[in-house]
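Chains, contacts and geometry: an overview
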Amino acid sequence: RAALLLAMLTAVAQAAPPHGPATRTTKLAVKGATVHPAAATPVRHDGAHARMLFGKELHPAREVVGRREEPLTPEEETAKQIEKLLRGPLRYGVTGLFVADARTGEPLFAVNADDPLNPASNVKMISTAAALELLGPSFRYTTRLLGPEPDAHGAIHGDVYLLGSWDPTLHATDLDEIAMQVSAKGVKELDGDVVIGADPTRDGIYKAVVPITVKAGIAGEQPSASAPPGYDLVAIGITAKTAATPLRYQRLTYTSSTFKDGAGHTRVALTVGGTIGKGQEITTPVMIKERTFDAAHMLRAALRAHNIVVNGDVRVGELSDFVGDTANHGALPGELGRHDSKPLVDIVREINKYSINWLADRVIMTAAALSRRTTPSMDVALDAMYAWLARHPKLAKPDVVVDTGSGLSYRTRITPHELVAIVRDAAGFTDNTPPDLAHAWLDSLSIAGTDGTLVHRFRTADLRGHIHAKTGSLSTVIALSGVLDIDPMRPLVFSIVTNGDRPLSKGYVRKAHEQVLGLISKYIAQTTKTVIPEVKPETPSTTPAQGSEEPEESEPELDAETAGHAMPGETPPAAPAIDGAMPPPTTPAPMTTPAPPPTPPTR
């Protein structure tokens, strides 16, 4: 009986389906349905599930760091501590990190290094490197005033031509410089017109700003408003009223439209509305869209300010027609005055240190256009950037997604691994970039705890002055890529990018990034055989310039990182301009470099 019972139990056990997920599969198979193997669990790349890799072969940290009696190696300990940050303050969203030897490219630490992420303004590293290669660090934009020589009485009979080169930094003060040169030639009178080209930006002030001064009147009545003396482009209308008492904040509005006057000349109708406080006066830089006409009228006003009688007006004409007309009157147009911009290397320094988005876009657009003898456009600029990527870090167009020169886009996709390749090449750690271009580009990056968007970050002794990097910031993006030169004999290149599905806590994420680089700095100090010199950067002012701390991108316009932030030495505007953008930055105060950037290898 016992043997019979045992045989029955065995038969039942063999016939019974197994427990768990296989039970359902067996039933489906019996019904004749097609059975697909269960899908593999997708790899999750958020911080809470990130896996650190380290070493030349990038071993997974979890396979090495575990329970064991022997002490952890410096690499293992660093990887372990970085994983704690990934599971702590960086657990939300995806953080990609890649750290490599700058000279050899050998990897050191990595996590999600091949994930396509949005690095925001790190894109400026590409556009500025491409612009420097296309035009050279010493290139200057030129703006010239052409016309016949004055007669014995100082009169210029005929027109003059304002010829620019799409200078994105041209300012009204630069046109005053030209007017001063004209006056120095003994010119007393201009009989003809100031002629400009049909291109909307070639001969103009890209950030065209007109200072409008509004002065309060009697309470309840209209105030007065005026443009600069001798400036004829703007016709001002006033609907504003004067308040009965002074106001702490002015409530003035500005609207504009372009029209033709009775003589067919282009003018801008500017209406001042709102309210100004009793007894108050305010000057507001108001942006207008007529860039070339603004430049021409600013020049006319500057000529008048230098006691030159200016007749005629402003008109559009082709340069070839102007030269022909001048020659038909028995003269050849010569150079009456000119302005040369700052060298491109200085403009690139402003772009990268202060992350000026509009300037980054304009520089690569104009650099690409000038090199190809065509009109600036973003398409031409992107072609130049992709060509640079193909020539230098050898990145093919399908591997990278960029659609601006500034990175002011949510469509950008570049991996941390690729960003490190870009830094290595642009900074001259490969054989592809000449030393003059490499030094110009590397000098343009912000220095930790010293200047630019890093002036208030990495202030600790181990990192201050040892990081040259480009920041990146959007509502869902925090990024930092550059060079870490703790050991001058072994500089590192790095990129750390955090992307989120929702707006990130900027200070929280940036602090975690600083801690990651602090851990890498500690690792280098522990493993180097070189005596590391102490870098003592010059102490920044106790009242840093407004806008020097890393600014935020504006939403939803996706305006510049520096929107609403003044450059060093610049007074912030008192009120927004017509189109919501800000007036152009003035020349920043001289920036001191406390310690030279890491030197690329000599070839």
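Sequence order sets the numbering: in each chain, residues are counted from 1 along the sequence as written. Where totals are concerned, whole chains, interfaces and linings use all residues; where local detail is concerned, this predicted model gives features only for residues with pLDDT of at least 70, and gives and counts side-chain atom pairs only at 80 or more. The side-chain figures draw on all heavy atoms in the structure; neither hydrogens nor water molecules are used.

**With respect to the overall build of the chain**
Numbering goes from the N terminus for both helices and strands, where a helix is a DSSP run of H or I of at least four residues and a strand is a run of E of at least two. The helix and strand inventory of the chain stands at 14 helices and 23 strands. Each of the 603 residues in the chain was classed as buried or not, and the buried ones make up 50%. In this description, accessible areas are obtained by the Shrake-Rupley approach with a 1.4 Å probe, and a residue is regarded as covered only by the protein chains that are shown. A total accessible area of about 27,500 Å² is found for the chain, and carbon and sulfur atoms account for 55% of it. Per-residue accessibility, obtained with a 1.4 Å probe over protein chains only, is compared with the maximum for each type, and a residue is labelled buried under 20%, exposed over 50%, and partly exposed between these values.

**Here we look at the nonpolar core**
Counting residues in each nonpolar core, the largest one holds 63 residues, and the members touching the most others are I126, V363, W388, L389, V402, I422 and W441. Working rule for contacts: check all heavy atoms of both residues, and any pair within 4.5 Å makes them a contact. Leave out the neighbours within four places in its chain, and I422 touches M125, I126, W388, L389, P393 and L395. Grouping buried Ala, Val, Leu, Ile, Met, Phe, Trp, Tyr and Cys residues that are joined through side-chain atoms within 4.5 Å yields what is termed a nonpolar core. In this structure, V182, V187, Y231 and V268 belong to the second largest nonpolar core, which totals 44 residues.

**Some points on the sheet that holds strand 6 (residues 155-156)**
Strands sit in the order 6-8-17 across an open sheet of three strands; the sheet is parallel. Whereas interior strands pair on both sides, the edge strands pair on one side only; in this sheet they are strand 6 and strand 17 (309-310). Strand pairing is assigned whenever DSSP detects at least two bridges linking the two strands. Pairing geometry for strand 6 and strand 8 (residues 189-190), over two bridges, is parallel. Paired with A155 across the bridge in strand 8 is E189.

**Describing the packing of helix 5 (residues 124-135) against helix 11 (residues 378-391)**
Running from N to C, helix 5 and helix 11 cross one another at 85°; their axes reach a closest spacing of 9 Å. When the axis of helix 5 is compared with that of helix 11, the two are roughly perpendicular. Along its contact with helix 5, which presents I126, S127, A129, A130, E133 and L134, the element helix 11 presents A384, M385, W388, L389 and R391. Along the lines of polarity and charge, the residues of the contact of helix 5 with helix 11 split into eight nonpolar, one polar and two charged. Between N-to-C directions, angles cover 0 to 180 degrees, with each direction set by a line fitted to C-alpha atoms, over the stretch in contact for helices. In this scheme, roughly parallel covers angles under 35 degrees and roughly antiparallel covers those over 145, while 65 to 115 is roughly perpendicular and the rest are oblique. Just so you know the grouping, Ala, Val, Leu, Ile, Met, Phe, Trp, Tyr, Cys and Pro go in nonpolar, Asp, Glu, Lys and Arg go in charged, and all remaining residues, Gly too, go in polar.

**Focus on the packing of aromatic side chains**
Centres within 6.5 Å make a pair out of two Phe, Tyr or Trp rings, where for Trp the six-membered ring is used; the pair is then stacked when the planes are under 30 degrees apart, edge-to-face when over 60, and tilted otherwise. Per the counting criterion, the structure on display carries four aromatic pairs. Taken together, a centroid distance of 5.3 Å and an interplanar angle of 45° make the contact between Y161 and F322 tilted. A residue pair is termed long-range when its members are at least 10 positions apart, and Y161 in strand 7 (residues 160-163) and F322 in helix 8 (residues 319-328) qualify at 161 residues. The same class applies to Y161 and to F322, which are both buried. For the cation-ring pair, R291 lies above Y206, with the distance from its terminal atom to the ring centre recorded as 4.2 Å. The criterion for a charge sitting over a ring is simple: Lys NZ or Arg CZ within 6 Å of the ring centre, and within 35 degrees of the ring normal.

**A look at the sheet that holds strand 7**
The pairing of strands in a sheet comes from backbone hydrogen bonds and takes either a parallel or an antiparallel form. Here we have five strands laid out as an open sheet, ordered 18-9-7-5-19, and mixed in their pairing. Looking at strand neighbours, the two that pair on one side only are strand 18 (314-316) and strand 19 (334-340), the edges of this open sheet. Strand-to-strand twist in this sheet, taken as the mean axis angle between neighbours without regard to direction, amounts to 25°. With three bridges joining them, strand 5 (residues 142-147) and strand 7 adopt antiparallel strand pairing. Paired with R144 across the strands is L163, a residue of strand 7. The sheet strands contacting helix 6 (residues 172-184) are strand 5, strand 7 and strand 19, and the helix crosses strand 19 at an angle near 145°.

**Notes on the pairing of strand 14 (residues 251-260)**
Judged from the ten bridges that link them, strand 14 and strand 15 (residues 266-276) form a sheet pairing that is antiparallel. In the sheet register, R251 faces strand 15, and the bridge partner there is T275. Between the end of strand 14 and the start of strand 15, which pair antiparallel, lie five residues, with G264 showing a positive phi angle near 85°.

**What about the pattern of salt bridges?**
A pair can form between side chains of opposite charge whenever their charged atoms are brought close. Salt bridges are identified by distance alone: a Lys or Arg side-chain nitrogen within 4 Å of an Asp or Glu carboxyl oxygen. Enumeration over the complete set of coordinates arrives at 18 salt bridges. In this structure, the salt-bridge partner of D193 is R315, at a minimum N-O distance of 3.5 Å. Separated by 122 residues along the polypeptide, D193 in the loop between strand 8 and strand 9 (194-196) and R315 in strand 18 bring together distant segments of the chain. We classify R315 as partly exposed; its relative accessible area is 30%. With its nearest N and O atoms 2.8 Å apart, the salt bridge here joins D451 to K353. With a gap of 98 residues between them, D451 in the loop between strand 20 (446-447) and strand 21 (467-474) and K353 in helix 9 (residues 344-354) connect regions that are remote in the sequence. Judged by relative accessible area, which is 1%, K353 ranks as buried. Each of R144, E335, R338 and D340 takes part in one network of salt bridges that share partners.

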